[in-house]
Amino acid sequence: MKHDFPAIGQRTFLVDARRLVHPDDNSTNILVLFDDVTERQRHDAEKDLIIAETRHRMRNIFAVARSLAMQTEVEGRMATDYRDIFLGRLEVTLNAQEIAANNDTTDLEALLRQSFVGRGEARLHCEGPAIQLRSSKILPVSMIFHEWRRTH
């Protein structure tokens, strides 16, 4: 049962009634219980939303991992080579998504330098005006840098 109270707003109650029989005089009374479940329902709805969002994100992560696995060439490769290539691509994807989630745009040179950290970034020489990448372009450009670096 829902009721709108002027002082506290709308509340939701579970109502339960029991007939009470007194053994000494055989009279009956009714006990009515009102259980305010407003906060419990709100909490359950929030929990359900979080669980649904988590499931959705898990499906997305699995789809990304599956896509990377399917796009990784297996012909003539040892299992360890495949694993290393796949994990490198997965790492690039996760890093790029992190960058894209935190920025509307990213500097191309900074992205390039981040892609080469620990792998010869000191040899990089960038000239010209700064180029800003939209967040939707960060993953493909990061993957291009990764694939070039992996094959050279």
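Provided above is the structure to which this section pertains.
The rules behind each value
Residues numbered from 1 in each chain as written. Predicted model: local features only at pLDDT ≥ 70, side-chain atom pairs only at ≥ 80, totals over all residues. Heavy atoms only, no water. Pairing = 2+ DSSP bridges. Helix = DSSP H or I, 4+ residues; strand = E, 2+ residues; numbered from the N terminus. Axes fitted to C-alpha atoms, helices over the stretch in contact; angles between N-to-C directions. Core = buried A, V, L, I, M, F, W, Y, C linked by side-chain atoms within 4.5 Å. Buried < 20%, exposed > 50% of the residue type's maximum accessible area, 1.4 Å probe, protein only. Contact = heavy atoms within 4.5 Å. Phe/Tyr/Trp six-rings, centres within 6.5 Å; stacked < 30°, edge-to-face > 60°. Salt bridge = Lys/Arg side-chain N within 4 Å of Asp/Glu carboxyl O.

## Details of the sheet that holds strand β2 (residues 9–21)
- Pairing within the open sheet is antiparallel, and its three strands lie in the order β1-β2-β3. Where the open sheet ends on each side, the last strands, each with one partner, are β1 (2–5) and β3 (28–36). Strand-to-strand twist of the sheet, defined as the mean angle between neighbouring strand axes without regard to direction, takes the value 40 degrees.
- Here β2 runs beside β3; their pairing, made up of nine bridges, is antiparallel.

## Topic: the nonpolar core
- Ala 96, Ile 99, Leu 111, Leu 112, Phe 116, Leu 133, Ile 138, Val 141 and Phe 145 together form the largest nonpolar core, which totals nine residues.
- The residues contacting Phe 145, other than those within four sequence positions of it, are Leu 108, Leu 111, Leu 112, Ser 115 and Phe 116.

## Side note on the pairing of β1
- As paired elements, β1 and β2 share four bridges and run antiparallel to each other. Within β2, the position partnered with Phe 5 by the bridge is Gly 9.
- Two successive antiparallel strands, β1 and β2, enclose a turn made up of three residues.

## Some points on the packing of aromatic side chains
- Applying the stated criterion to the full structure yields three aromatic pairs.
- Plain terms: the ring middles of Phe 5 and Phe 13 are 5.8 Å apart, the flat faces sit at 75 degrees to each other, and that makes the pair edge-to-face.
- Assessed through its relative accessible area of 28%, Phe 5 is described here as partly exposed.
- With a relative accessible area of 13%, Phe 13 lands in the buried category.
- Ring plane angle 5 degrees and centroid distance 6.3 Å describe the contact between Tyr 82 and Phe 86, whose orientation is recorded as stacked.

## Side note on the pattern of salt bridges
- Using the criterion set out here, one finds nine salt bridges in the structure.
- As a salt-bridge pair, Glu 39 and Arg 42 come within 2.7 Å of each other at their nearest N and O atoms. With Glu 39 and Arg 42 both in helix α1 (residues 38–71), this residue pair falls three residues apart, about one helical turn.
- Relative accessible area serves as the criterion here: at 40%, Glu 39 is assigned to the partly exposed category.
- Ionic contacts of the salt-bridge type, sharing partners, join the residues Glu 39, Arg 42 and Glu 46 into one network.

Worth remembering: the numbers are spatial, not functional.
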